[in-house]
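Below are the chains, spelled out letter by letter.
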Amino acid sequence: MSGAADLEGVVDSRGLPVAIVAGRFHRDIVERLVEGALAEHARGGGDPALVSVHWVDGAFEIPVVLDRLAASGGRSALVALGCVVRGETPHFDHVATAVTTGCEAVARARGIPVGFGVLTVDDRAQALARAGGAQGHKGAEAMHAALSTARVLEGL
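Everything numeric in this text was worked out from a predicted model, so none of it was measured.

1. Digging into the pairing of strand 1 (residues 18-23)
At step 1: Within strand 1, 6 of the 6 residues are buried, leaving the element largely enclosed by the surrounding structure.
At step 2: Going residue by residue along strand 1, you find V18, I20 and A22 tucked away on one face and A19, V21 and G23 tucked away on the opposite face as well.
At step 3: As paired strands, strand 1 and strand 2 (residues 51-56) are joined by 6 bridges and run parallel to one another. Bridge pairing links G23 to V56 in strand 2.
At step 4: The parallel pair strand 1 and strand 2 is bridged by helix 1 (residues 27-43), and the resulting crossover is right-handed.
At step 5: Both strand 1 and strand 3 (residues 77-85) contribute to a ladder of 5 bridges, which runs parallel. What sits directly across from A22, in strand 3, is L81.

Structure below.
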């Protein structure tokens, strides 16, 4: 998908407990993603007390914490937020693949929505554009997707 997602339509987040797992690497960018996710939960009437934020060192560590949170129960959705910036080595590819695969595995194995807001970008400018800039707000979009999927699952 390119460009900003259309977040028209507010997802009713009242009564939905959500956990966010956020990577500290590129913290200033990830803090923007967290702010957007929290704002999206609040936009739907969600109680801020029902959202917990768990910080980990980097994106690679996100899936294991998501899995533990999912296993412990008590949450309707999870949100993964982080930022991986391409460097000069293949490390970027390994981390980006691992976090993406790990988040998907948690969602499928545990049956809980995982909103995916881990930026994989070539440079800082691309990250900023996706953390509330010209390319939208991937933190808000990840929360929106997680909440929307939680409501769908409730109805099944």
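2. Description of the packing of helix 1 against helix 5 (residues 138-154)
At step 1: The interhelical angle for the contact between helix 1 and helix 5, taken along N-to-C directions, is 40°, at an axis separation of 6 Å. Relative to helix 5, helix 1 is oriented oblique. Relative to helix 5, helix 1 is oriented so that their crossing is right-handed. Touching L33, G36, A37, E40, H41 and R43 of helix 1 are K138, G139, A140, M143, H144 and L147, all from helix 5.
At step 2: When its residues are assigned to classes, the contact of helix 1 with helix 5 shows 5 nonpolar, 4 polar and 3 charged.

3. Topic: the nonpolar core
Generally speaking, nonpolar side chains in soluble globular proteins are found buried as a group.
At step 1: In terms of nonpolar packing, the biggest core is built from 24 residues, with I20, V79, L81, C83, L119 and M143 touching the most fellow members.
At step 2: Among the secondary structure elements, those contributing two or more residues to this core are strand 1, helix 1, strand 3, strand 4 (114-121) and helix 5.
At step 3: Membership of the second largest hydrophobic core comes to 19 residues, among which are A80, V106, V114 and V118.

Conventions and cut-offs
- Residues numbered from 1 in each chain as written.
- Predicted model: local features only at pLDDT ≥ 70, side-chain atom pairs only at ≥ 80, totals over all residues.
- Heavy atoms only, no water.
- Buried < 20%, exposed > 50% of the residue type's maximum accessible area, 1.4 Å probe, protein only.
- Helix = DSSP H or I, 4+ residues; strand = E, 2+ residues; numbered from the N terminus.
- Pairing = 2+ DSSP bridges.
- Right-handed = clockwise from strand over helix to strand, strands pointing away.
- Axes fitted to C-alpha atoms, helices over the stretch in contact; angles between N-to-C directions.
- Parallel < 35°, antiparallel > 145°, perpendicular 65-115°, else oblique.
- Left-handed = near helix turned anticlockwise from the far one by under 90°.
- Contact = heavy atoms within 4.5 Å.
- Nonpolar A, V, L, I, M, F, W, Y, C, P; charged D, E, K, R; others polar.
- Core = buried A, V, L, I, M, F, W, Y, C linked by side-chain atoms within 4.5 Å.

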